[in-house]
Amino acid sequence: MNLRALRESSGKTQEDLALLASLSQAELSRFENREDHLLSTLRRYVEALGGTLEVCAVFGDRKVRLEGV
């Protein structure tokens, strides 16, 4: 699921989420359309939707949750 679909599935508009994430609507729009995201901004985005961000590294069938990133 991409970021736009995630936001839309939560019933939020770009304006709604921008306010919650302390971003402008234009910044949020650019963020949703980027292919490369800063983790700090991605974390703000997910937390503004009410979630938490987890980062995992996958090595074949082994998944390692990374902390402090």
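Conventions we followed
- Residues numbered from 1 in each chain as written.
- Predicted model: local features only at pLDDT ≥ 70, side-chain atom pairs only at ≥ 80, totals over all residues.
- Heavy atoms only, no water.
- Helix = DSSP H or I, 4+ residues; strand = E, 2+ residues; numbered from the N terminus.
- Polar contact = N/O pair within 3.5 Å; in protein donor to acceptor, adjacent residues only side chain to side chain.
- Contact = heavy atoms within 4.5 Å.
- Patch = residues over 30% accessible without salt bridge, like charges linked within 9 Å, V, L, I, M, F, W, Y side chains within 5 Å.
- Areas by Shrake-Rupley, 256 points an atom, 1.4 Å probe, with all protein chains shown as cover.
- Salt bridge = Lys/Arg side-chain N within 4 Å of Asp/Glu carboxyl O.
- Buried < 20%, exposed > 50% of the residue type's maximum accessible area, 1.4 Å probe, protein only.
- Pairing = 2+ DSSP bridges.

Visitor: Quick one: what's the story with the side chain of E32, residue by residue and with numbers?
Guide: Mapped onto the secondary structure, E32 falls in helix α3 (residues 25-33). Within the local environment of E32, its side chain forms a polar contact with the side chain of Q14, the two groups lying 3.0 Å apart. Here Y45 takes part through its side chain, which lies 2.6 Å from a polar atom of the side chain of E32. For E32, the contacting residues outside a window of four places in its chain are L3, R4, R7, Q14 and Y45.

Visitor: Give a description of a nonpolar patch on the surface that names residues and reports values.
Guide: A contiguous nonpolar surface patch, about 210 Å² in accessible area, is contributed by L39, L66 and V69. Examined against the element boundaries, V69 turns out to sit in the segment after β2 (62-66). Accessibility expressed as a relative area gives 40% for V69, which makes it partly exposed.

Visitor: I'd like a description of the pairing of β2, backed by residues and values.
Guide: Direction of pairing for strand β1 (residues 55-59) relative to β2: antiparallel, over a ladder of five bridges. Across the sheet, the residue bridging to A57 is V64, located in β2. Counting the residues between successive antiparallel strands, the hairpin from β1 to β2 contains two residues, one of them, G60, with a positive phi of roughly 65°.

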